[in-house]
Amino acid sequence: MSLSDSPTASPEASPNASAAPRPDPEDAMIALERVELTLPSAAGPVHILRGLDLSVGRGETMSVVGPSGSGKSSMMMIIAGLERASKGAVTVGGTRFNG
C-alpha cells in the first residue's frame, strides 16, 4: 500500500479532516505532483509511492499518518531532498525538482 492508496490520503476520507481548500501547487510551500517512487530489489521493482499529490501552504500544519510500510518516511525523504522521485514533480520553497 502507498500513501496514495491509503484512505487517510484525502481529506474526504477522514471524518476529522478539515474541508479547507488546498493551496494551488504554484503557491504552496511544499507541493508534490503525481510523485512516484520505485526502487529495485532482487525480486523486482518495488513501487513505494504511486501518483502522490500533496500541497502544503506556507504556515500550514499537517500530519501524515498511515500503517507501517505505506510510504510516509519515503515521502519525507523526497521532500527533504535525500531521495529522488522516480516520476513527478516536487516543489519546496519555490524550487522545483523533477523525478
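Residues numbered from 1 in each chain as written. Predicted model: local features only at pLDDT ≥ 70, side-chain atom pairs only at ≥ 80, totals over all residues. Heavy atoms only, no water.

**Quick word on the overall build of the chain**
The helix and strand tally for the chain stands at one helix and four strands. Helices and strands in the chain line up, N terminus first, as β-β-α-β-β. Residues counted as buried form 25% of the 99 residues belonging to the chain. Of the contacts formed within the chain by residues at least 6 apart in sequence, a portion of 55% connects residues at least 24 apart. (Helix = DSSP H or I, 4+ residues; strand = E, 2+ residues; numbered from the N terminus. Buried < 20%, exposed > 50% of the residue type's maximum accessible area, 1.4 Å probe, protein only. Contact = heavy atoms within 4.5 Å.)

**Structural notes on the confidence of the model for the chain**
With 74% of its residues at a pLDDT of at least 70, the chain reaches an overall mean of 83. Strand β4 (residues 95-98) is the least confidently modelled element of the chain, averaging 89 in pLDDT, while helix α1 (residues 72-80) averages 97, the highest of any element. Scored below 50 in pLDDT, residues 4-16 shows 11 contacts in the model against residues more than four places distant or in partner chains. (pLDDT = per-residue confidence, 0-100.)

**Some remarks on the pattern of salt bridges**
Per the stated rule, a full pass over the model turns up one salt bridge. The residue Glu-33 makes a salt bridge to Arg-96 at a minimum N-O spacing of 3.1 Å. Separated by 63 residues along the polypeptide, Glu-33 in strand β1 (residues 30-39) and Arg-96 in strand β4 bring together distant segments of the chain. Classification of Glu-33 by relative accessible area gives buried; the value is 16%. (Salt bridge = Lys/Arg side-chain N within 4 Å of Asp/Glu carboxyl O.)

**Some details on the pairing of β4**
Pairing of strand β3 (residues 87-92) with β4, which is carried by four bridges, proceeds in the antiparallel orientation. Counterpart to Val-92 in the pairing with β4 is Thr-95. What sits between the antiparallel neighbours β3 and β4 is a turn of two residues, in which Gly-93 has the positive phi angle 60°. (Pairing = 2+ DSSP bridges.)

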